[in-house]
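Listed below, chain by chain, are the residues.
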Amino acid sequence: MINQKSNKLAHSYTVEYICSMVRSEKTRQFIIEKTASIFNKKGYIGTYLSDLTNATGLTKGSIYGNFKDKNEVAVEAFKYNFRFQSEQILEKINQENNAIDKLLVFLNRYRTAFRPIFNNGGCAILNTAVDADDGNDLLKEEVIRTIHNWHKRIVSILNEGMKQNELKHLDVETFSYRMIALVEGSIMLAKTLDKPEILMKNIDFLEAEINQIKRN
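Because the structure is a prediction, the values reported are computed rather than measured.

1. A closer look at the overall build of the protein chain
In step 1: From N to C terminus, the protein chain includes 9 helices and 0 strands.
In step 2: Looking at the protein chain residue by residue over its 216 residues, the buried ones come to 39%.
In step 3: Long-range pairs, those at least 24 residues apart, make up 69% of the contacts in the protein chain with a sequence separation of at least 6.
In step 4: When the accessible surface of the protein chain is summed, it comes to about 12,600 Å², and 52% of that surface belongs to carbon and sulfur atoms.

2. Concerning the side chain of H151
In step 1: Among the structural elements, H151 can be located in helix α7 (residues 137-163).
In step 2: At 3.4 Å, the side chain of H151 forms a polar contact with the side chain of E173.
In step 3: For H151, the residues in contact, after removing those within four places along its chain, are E173, S176, Y177 and I180.

3. Topic: the packing of aromatic side chains
In step 1: Taken as a whole and judged by the stated rule, the model has 3 aromatic pairs.
In step 2: Here the aromatic rings of F106 and Y110 are separated by 5.5 Å at their centres, their planes lie at 80°, and the arrangement is edge-to-face. Note that F106 and Y110 are positioned in helix α5 (residues 99-119) at a spacing of 4 residues, about one turn of the helix. Y110 carries the same exposure label as F106, and that label is buried.
In step 3: Here F106 and W150 contribute two aromatic rings whose centre-to-centre distance is 5.8 Å and whose plane-to-plane angle is 65°, an arrangement assigned as edge-to-face. Pair noted here: F106 is in helix α5 and W150 is in helix α7, with a separation of 44 residues, a long-range link.
In step 4: On the basis of relative accessible area, F106 is assigned to the buried category, the value being 6%.
In step 5: Residue W150 is classed as buried on the basis of its relative accessible area of 10%.
In step 6: An aromatic cluster is built from F106, Y110 and W150, whose rings are joined through pairwise contacts.

4. Considerations on the side chain of D51
In step 1: Looking at the element boundaries, D51 is found in helix α2 (residues 49-56).
In step 2: A distance of 2.7 Å separates a polar side-chain atom of D51 from the backbone nitrogen of Y48.
In step 3: If near-sequence neighbours (up to four positions away) are discounted, D51 is found in contact with I38, K42 and G46.

5. With respect to the pattern of salt bridges
In step 1: Summed over the entire model, instances satisfying the criterion amount to 7 salt bridges.
In step 2: One salt bridge connects D51 with K42, and the closest N-O pair in it is separated by 3.1 Å.
In step 3: Taking the relative accessible area as the measure of exposure, D51 reaches 15% and is therefore buried.
In step 4: A cluster of three or more residues bridged by salt bridges with shared partners is formed by R111, D204 and E207.

6. Overview of unusual backbone geometry
In step 1: Non-glycine residue N165 carries a positive phi angle of around 65°.
In step 2: By the secondary structure assignment, N165 is in the loop between α7 and α8 (172-193).
In step 3: One non-glycine residue with positive phi stands out, namely D194, at about 55°.
In step 4: The residue D194 is located in the loop between α8 and α9 (196-212) in this model.
In step 5: Judged by its relative accessible area of 55%, D194 falls in the exposed class.

7. Brief notes about the nonpolar core
In step 1: If you look at the biggest cluster of nonpolar residues, it comprises 52 residues, and the most contacted ones within it are F106, Y110 and M179.
In step 2: Elements that contribute at least two residues to this core include exactly α1 (2-46), α4 (70-95), α5, α6 (124-132), α7, α8 and α9.
In step 3: The biggest single contributor to this core is α5, with 11 residues.
In step 4: In contact with Y110, not counting residues within four places along its chain, are Q85, I89, I117, W150, V183, I187, L199, M200 and I203.

Calculation rules
- Counting of residues starts from 1 at the beginning of each chain's written sequence and follows it residue by residue.
- Selection of residues for local features in this predicted model requires a pLDDT of at least 70, selection of side-chain atom pairs for listing and counting requires 80 or more, and totals for whole chains, interfaces and linings are taken over all residues.
- In computing side-chain properties, one takes all heavy atoms of the structure into account and sets aside hydrogens as well as water.
- To qualify as a helix, a DSSP run of H or I must reach at least 4 residues; to qualify as a strand, a run of E must reach at least 2; elements of each kind are numbered from the N terminus.
- Exposed residues in this analysis have more than 50% of their type's maximum accessible area, buried residues have under 20%, and partly exposed residues fall in between, with area computed by a 1.4 Å probe over protein chains only.
- Contact between two residues is taken to exist if any of their heavy atoms lie within 4.5 Å; hydrogens are not considered.
- Here the Shrake-Rupley method, with its probe set to 1.4 Å, supplies the accessible areas, and only the displayed protein chains count as covering residues.
- Polar contacts, as counted here, are pairs of nitrogen or oxygen atoms within 3.5 Å of one another; within protein the pair requires one atom able to donate a hydrogen and one able to accept it, and residues that are adjacent in sequence qualify only if both atoms are side-chain atoms.
- Pairing of aromatic side chains here covers Phe, Tyr and the six-membered ring of Trp, requires ring centres within 6.5 Å, and sorts the geometry by plane angle: under 30 degrees stacked, over 60 edge-to-face, intermediate tilted.
- A pairing counts as a salt bridge when a side-chain nitrogen of Lys or Arg comes within 4 Å of a carboxyl oxygen of Asp or Glu.
- Residues grouped as a nonpolar core are buried Ala, Val, Leu, Ile, Met, Phe, Trp, Tyr and Cys residues, joined through side-chain atoms within 4.5 Å.

Now the structure itself:
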């Protein structure tokens, strides 16, 4: 009888613990989703605790009960913003079979979906890189990791294209960084000046470069 009561009590505590964990994860995700665009638009320094409480309707205690500090919220918000910008691109890239089409899918995503990116505050990588460059090491490390991953993905596509004899021989490191720099810089200029044609024309330029490295 005592063992049965003990088992029931242990089971009750386990269920309660699991439920609290689920609630905690849901609350964390809710906070991230509600604050991601704020961090992207206002930056880490410009985003205050009042912005987080106003956006979520939660108290300071509720937010810091789910995150160590504002820094942790900012890092998770950056990850969320980057996923918002990149998930559909990666999905479409993976559906293509050759290097040229993979690279063009990457560019066409920015051609067709630049407005939601602008409305969300611009490119999460560029915004956070500038914001984190003056002392926020955690954010800076996350941005660097993201840029490296992006660069490695393009390098991998180019190397595979050369291996399959789809592409001419080229300096994949330089080509990849040039693609990233042109896209990032173009988004910044186009959004700041409210001239989407800057982004469109540079995408056209990159598309022409990609077609030039294709083997006939």
